[in-house]
Amino acid sequence: MIRLRRHTKAVLLENKSAWSKDAKKAWIGGDHPIVVQSMTTTDTADVDKTLEQVYALAMAGCEVVRVTCQDTRDAAGLPQIVARSPVPIVADVHFDHRMALAAIEAGVAKLRLNPGNITDPVKTREVVKLAVERGTPIRIGVNMGSLARDLEQTLGHTPEALAASALRHVEILEELGHTDIVISVKAHDAVTTIYSYRLLAKQLDARGTPYPLHLGVTEAGLPREGTIKSSIGLGVLLFEGIGDTLRVSLAADPVEEVPVAWGILKALGLREKGFDITACPSCGRAEIEVVELARMVEAIAKEYNAPVKVAVMGCVVNGPGESKMADVGIAGGKGKGAIYRKGELVGTYPEADLLGRLRLEIEKVIEEQYPDYRHEIHREATTV
Ligand code: SF4
């Protein structure tokens, strides 16, 4: 199944620290994989706490982390954060151009900044000039809750207003010679988000400036609701080939955002990471404890990054078929289960032995198909 992705400009994010030779990089756009992002909730001035959260996010699979930079205390913490971070760092700056200058000087990989919000054109020019000199990309991030007043009055809270607002900021950057641009146009509901990004993508492509898009449903809510909204809003866009990076915004520990983002990308077949577990919902026919077993498989999955397909099925109705299609599968029988590996029956075992046998077969698949994954886990674990 081939799906087309919108053609976009590739933008390089790279931490630039004089203290660290090992520059952390990520590409957004072009043919590069869609990047998972999140944002810290710590006080940026507290360097150790912020880095602890950056590492937790990176361990969960976050590839770019944004931190706020709203005052001189935050700005003072940035050089150390950039130097010690395992992933590219983005500084989130609003109105104060001095914070933008400090963040660029600190070597951040990207700024999130709406240049039109710096009301003095001389100061805007100063920031953009330094960003061009240092090769610091800028994400323009327009949210429905912070539209320019004139656009709000003429166009209302619409996709048209969001796209027009984003393009105003784009024009400011372009006039000052900055074109390493990423853009987001976030609304708090899935439908407006979908229409807004579609419209913006069309307008950018029509003017011959296919800047990459950072997807997000802003303030999506508590984990359950936020996951649903984000899966629909971002999922539809990604399915249409729109979007180069994403952040799932949940009212929760940001580490919780990362598996949701990965789940969206995996469900669409856009990225691979960790196990893909098929589990039947169980029903009156189930002859083993399917849900409990699936949860245990999920726990095993946390130990590996390898994209192994595992099926846990309760009975013989769909069990053997699904199990044969997975890398490793279980089809339940009366107090026992048949285990399959790569479509072949390995054997039938009592229920008490199923998890152990399943793990054994999963490890065989990893050894054969993904021999590097164990090293990968060890390497990640030792960087913290
Ligand atoms: S596989 Fe069997 S136990 Fe599971 S939902 Fe289907 S019929 Fe029920």
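Residues numbered from 1 in each chain as written. Predicted model: local features only at pLDDT ≥ 70, side-chain atom pairs only at ≥ 80, totals over all residues.

Secondary structure summary: the protein contains 13 helices and 15 strands in total. On C-alpha atoms alone, the protein measures out to a radius of gyration of 23 Å, which is about the 21 Å that the 2.2 N^0.38 rule sets for 384 residues. Along the first, second and third principal axes, the C-alpha set of the protein runs to 75 × 45 × 35 Å. Within the protein, the fraction of its 384 residues that count as buried is 45%. The long-range fraction of contacts in the protein, counting pairs at least 24 apart against all pairs at least 6 apart in sequence, stands at 62%. (Helix = DSSP H or I, 4+ residues; strand = E, 2+ residues; numbered from the N terminus. Rg over C-alpha atoms; globule rule 2.2 N^0.38 Å. Buried ≥ 20, exposed ≤ 12 C-beta atoms within 10 Å, placed from the backbone. Contact = placed C-beta atoms within 7 Å.)

Right, let's get into the domain arrangement of the protein. Many structure descriptions define interface size as the accessible area lost when the parts assemble. Taken domain by domain, the protein holds domain 1 (11–267) and domain 2 (276–383). Each of domain 1 and domain 2 has a C-alpha centre, and the two are 38 Å apart. (Domains from an automatic or database assignment.)

Strand order in this open sheet of five strands is E11-E12-E13-E14-E15, and the pairing throughout is mixed. Looking at which strands have only one partner, the edges of the open sheet turn out to be strand E11 (276–279) and strand E15 (344–350). Mean inter-strand twist for the sheet, computed between neighbouring axes without regard to direction, equals 15°. Relative to strand E14 (residues 336–341), strand E13 (residues 328–333) is paired through six bridges, and the arrangement is antiparallel. (Pairing = 2+ DSSP bridges. Axes fitted to C-alpha atoms, helices over the stretch in contact; angles between N-to-C directions.)

One open sheet accounts for eight strands, arranged E8-E7-E6-E5-E4-E3-E10-E9; its pairing is parallel. Across the chains shown, the open sheet's two edge strands, defined by having one partner strand only, are strand E8 (181–186) and strand E9 (214–215). Pairing between strand E3 (residues 35–39) and strand E4 (residues 64–68): three bridges, direction parallel. Directly across from Gln-37, in E4, lies its bridge partner Val-64.

Once that is clear, we can look at the environment of Cys-315. By the element assignment, Cys-315 lies in the loop between strand E12 (309–313) and helix H11 (319–325). On a C-alpha basis, the gap between Cys-315 and Ser-38 in space is 40 Å, while along the polypeptide they are 277 residues apart. Once you skip the residues sitting within four places of it in the chain, Cys-315 turns out to touch Arg-285, Ala-286, Glu-287 and Gly-332.

So, about helix H2 (residues 72–84). Considering bend angle alone, the principal kink of H2 is centred on Leu-78 and spans about 35°; proline Pro-79 follows within four residues of it. Within H2, the full set of buried residues consists of Asp-74, Ala-75, Gly-77, Leu-78, Ile-81 and Val-82. On its buried face, H2 sits against helix H1 (47–60), E4, strand E5 (89–92) and helix H3 (97–105). (Bend = angle between axes of the 7 residues up to and from the residue.)

Extensive coverage of E4 is indicated by the burial of four of its five residues. For the crossover that starts at E4, traverses H2 and ends in the parallel E5, the hand is right-handed. (Right-handed = clockwise from strand over helix to strand, strands pointing away.)

Glancing now at the environment of Gly-274. As for its position among the elements, Gly-274 is in the loop between helix H9 (257–267) and E11. Here Gly-274 falls in the buried class, since 20 other C-beta atoms lie within 10 Å of it. Sequence separation between Gly-274 and Val-170 is 104 residues, and the spatial gap between their C-alpha atoms is 37 Å. The residues contacting Gly-274, other than those within four sequence positions of it, are Ala-301, Tyr-304, Asn-305 and Pro-307.

Close contact between helix H6 (residues 159–175) and helix H7 (residues 190–206) brings their axes to 8 Å; oriented N to C, the two are set at 45°. Classified by the interaxial angle, the pair formed by H6 and H7 is oblique. Here H6 runs over H7; the crossing is right-handed. The segment H6 lies against H7, with Pro-159, Glu-160, Leu-162, Ala-163, Ala-166 and Leu-167 engaging Thr-192, Tyr-195, Ser-196, Leu-199, Leu-200 and Gln-203. Here the contact of H6 with H7 is built from residues that sort into eight nonpolar, three polar and one charged. (Parallel < 35°, antiparallel > 145°, perpendicular 65-115°, else oblique. Left-handed = near helix turned anticlockwise from the far one by under 90°. Nonpolar A, V, L, I, M, F, W, Y, C, P; charged D, E, K, R; others polar.)

Before going further, it helps to examine H3. For H3, the full list of buried residues reads His-97, Met-99, Ala-100, Ala-102, Ala-103 and Ile-104. The inward-facing, buried residues of H3 contact H2, E5, strand E6 (110–112) and helix H4 (121–134). Within two residues after H3, Gly-107 carries a phi angle of roughly 90°, on the positive side.

So, about the environment of Gly-235. Relative to the helices and strands, Gly-235 resides in helix H8 (residues 223–239). When the C-alpha atoms of Gly-235 and Ala-190 are compared, they prove to be 9.7 Å apart, with 45 residues separating the residues in sequence.

Bringing the nonpolar core into the picture now. Formed by 80 residues in total, the largest nonpolar core has its most connected members in Leu-78, Ala-91, Ala-103, Val-108, Leu-111, Ala-166 and Ile-183. Here this core gets eight residues from one element, more than from any other, and that element is H6. Sequence-distant contacts of Leu-78, that is, excluding residues within four places in its chain, are made with Cys-69, Ala-91, Ala-102, Ala-103, Ala-106 and Val-108. Judged by nonpolar contacts, the second largest core, of 24 residues, contains Ile-288, Val-310, Ala-311 and Ala-338. (Core = buried A, V, L, I, M, F, W, Y, C linked by C-beta atoms within 7 Å.)

Attention shifts here to unusual backbone geometry. Positive phi outside glycine occurs at Glu-219, with the angle close to 45°. You will see that Ser-282, though not glycine, has its phi angle at about 75°, which is positive. Along the chain, the position of Ser-282 falls in the loop between E11 and helix H10 (290–301).

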